[in-house]
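Observations on the three-dimensional arrangement
Letter by letter, the chains look like this.
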Amino acid sequence: MKTYLQEMLKRKDLLFYLVKSGLKAEHRNSYLGYFWWLLDPLLNVLVYYFLVVIILNRGGPDYPVYLVIGLVVWRWISTTINSSAKSILRYKSIINQVYLPKSIFPVAFTFTQLFNFLFGLIVIALFLLFFGVKLTWYVLYLPVLIIIQTIFLLAVGLFLGYITVFIRDIDNVLSHIMRLFFYASPIIWEGSRLPEKYSWAVDYNPIAIIVSSYRDILMHHRTPDLTALAIILVASLIVGIYMISYYNKHEHKIIKAL
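Since the model is a prediction, treat every value here as computed from it, not as a measurement.

It is worth spelling out the overall build of the chain at this point. Within the chain one finds twelve helices and zero strands. Put simply, the chain runs from its N terminus to its C terminus through helices and strands in the order α-α-α-α-α-α-α-α-α-α-α-α. For a compact globule of 258 residues, the expected C-alpha radius of gyration is about 18 Å, and the chain comes in at 19 Å, within 12% of that figure. On the principal axes, the C-alpha backbone points of the chain span a range of 55 × 45 × 35 Å. With 258 residues in all, the chain has 47% of them scored as buried. Accessible surface, the chain as shown: approximately 13,900 Å² in total, 67% of it carbon and sulfur. Averaging the coordinates of the 23 positive side-chain charges in the chain and doing the same for the 13 negative ones gives two points 9 Å apart.

Below you can see the structure in the form of structure tokens.
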């Protein structure tokens, strides 16, 4: 495994190239280009605000801030998981010609979407400013939370990137699974509205915990659930290290499957 990690470090130039090319490819043929990184989350907020507040008549005065935090964080999660799952298949032509550590591809897609998320933070900051929500010292938790979420997404991406090579149907099923997590997490609805018998959907849902932690830091000015975040971090590290080791031992199977 140590040799495998050293090989990945030697390929850091390729990792930077994959991240850079991934960023360019997202809006290559659009007129607004990189401006979509700001406009896309903003338009998402407007659509769901119209649905929940105007049509369903739900949500209080702070709901726009609540909504933008949930949607921007969710966008990072969903795009990373969906793109990482297809990452190895996307570059199968390169993989079949040159030896490369296969795990580098889901890692690259994860960091690509991390960069996009940083632009989403600008949108959140604009909403906080517009609605008069001031930042407090709790914002110091933000870098820690971003690191935890990145490690979580790396672990999920490594797992899905590998398994999708062998079970191509995962890509089709994944969209439905992600939709289930979207509605099972307090992205557009407030957690307090969930019936008590379904509270486990939030209490044991890592996506719900992560989204709520961002709101605790930026909106509610309180310490997030550090115990739950620590569990997510430890579990993600275990899965991530195991998957790196698994890639190291079974990469030859990927080449055969492709």
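The topology assignment puts Ser84 in helix α4 (residues 63-85). Relative accessible area serves as the criterion here: at 0%, Ser84 is assigned to the buried category. Excluding anything up to four places from it in sequence, Ser84 contacts Pro106, Phe109, Thr110, Gly157 and Gly161.

Turning to the packing of aromatic side chains, a few remarks are in order. According to the stated counting rule, one finds 17 aromatic pairs in the structure shown. A ring pair is formed by Tyr242 and Tyr246, whose centres lie 5.9 Å apart and whose planes are at 35 degrees; its orientation type is tilted. Of this pair, Tyr242 and Tyr246 both sit in helix α12 (residues 226-257), four residues apart, which is roughly one turn of the helix. Since its relative accessible area comes to 25%, Tyr246 is described here as partly exposed. Three or more aromatic residues joined by ring pairs form one cluster here, namely Tyr162, Phe166, Tyr242, Tyr246 and Tyr247. It is Arg215 that lies over the ring of Tyr66; its NZ or CZ is 3.5 Å from the centre.

Before going further, it helps to examine the packing of helix α3 (residues 36-55) against α4. Axis separation between α3 and α4 bottoms out at 9 Å; the angle between their running directions is 130 degrees. Here α3 is positioned oblique relative to α4, judged by the angle of their axes. The chirality of how α3 crosses α4 is right-handed. Of the residues in α4, those touching α3 at Asp40, Pro41, Asn44, Val45, Tyr48, Tyr49, Val52 and Val53 are Tyr63, Pro64, Leu67, Val68, Leu71, Val72 and Arg75.

Now for the pattern of salt bridges. Enumeration according to the criterion identifies one salt bridge in this entry. One salt bridge in this structure joins Asp216 and Arg222, with 2.7 Å as the shortest N-O distance. The exposure class assigned to Arg222 is partly exposed, which follows from its relative accessible area of 45%.

Here Leu121 is to be found in helix α7 (residues 104-130). Along the backbone, Leu121 and Ile69 are 52 residues apart, and their C-alpha atoms lie at a distance of 8.5 Å. Not counting the four nearest positions on each side in its chain, Leu121 is found in contact with Val72 and Ile146.

In terms of nonpolar packing, the biggest core is built from 51 residues, with Ile69 and Tyr214 touching the most fellow members. Within the residue set of this core, elements represented by two or more residues are α3, α4, α7, α8 (141-166), α9 (170-184), α11 (206-220) and α12. Residues within four places of Tyr214 in sequence aside, it is in contact with Ile69, Val73, Trp76, Phe117, Leu142, Leu145, Ile146, Gln149 and Met219. Counting 25 residues, the second largest nonpolar core, distinct from the first, contains Leu23, Leu89, Ile104 and Leu158.

With that settled, consider α4. The terminal C-alpha atoms of α4 lie 33 Å apart, and with 23 residues this matches the ideal 33 Å at 1.5 Å per residue to within 8%. Where burial is concerned, most of α4 is hidden: 21 out of the 23 residues are buried.

Phi is positive for His221, which is not a glycine, with a value near 55 degrees. Secondary-structure assignment places His221 in the loop between α11 and α12.

Below, the discussion takes up the packing of α8 against α12. It is the contact of α8 with α12, at a shortest axis distance of 8 Å, that shows an interaxial angle of 30 degrees. Relative to α12, the element α8 is oriented roughly parallel. Crossing of α8 against α12: the hand is left-handed. Among the residues making up the contact of α8 with α12, the classes are represented as 23 nonpolar, four polar and one charged.

The rules behind these values
- Residues numbered from 1 in each chain as written.
- Predicted model: local features only at pLDDT ≥ 70, side-chain atom pairs only at ≥ 80, totals over all residues.
- Heavy atoms only, no water.
- Helix = DSSP H or I, 4+ residues; strand = E, 2+ residues; numbered from the N terminus.
- Rg over C-alpha atoms; globule rule 2.2 N^0.38 Å.
- Buried < 20%, exposed > 50% of the residue type's maximum accessible area, 1.4 Å probe, protein only.
- Areas by Shrake-Rupley, 256 points an atom, 1.4 Å probe, with all protein chains shown as cover.
- Lys, Arg positive; Asp, Glu negative; His and termini not counted.
- Charge placed at Lys NZ, Arg CZ, Asp CG, Glu CD.
- Contact = heavy atoms within 4.5 Å.
- Phe/Tyr/Trp six-rings, centres within 6.5 Å; stacked < 30°, edge-to-face > 60°.
- Lys NZ or Arg CZ within 6 Å of the ring centre and 35° of its normal.
- Axes fitted to C-alpha atoms, helices over the stretch in contact; angles between N-to-C directions.
- Parallel < 35°, antiparallel > 145°, perpendicular 65-115°, else oblique.
- Left-handed = near helix turned anticlockwise from the far one by under 90°.
- Salt bridge = Lys/Arg side-chain N within 4 Å of Asp/Glu carboxyl O.
- Core = buried A, V, L, I, M, F, W, Y, C linked by side-chain atoms within 4.5 Å.
- Expected span 1.5 Å × (residues − 1).
- Nonpolar A, V, L, I, M, F, W, Y, C, P; charged D, E, K, R; others polar.

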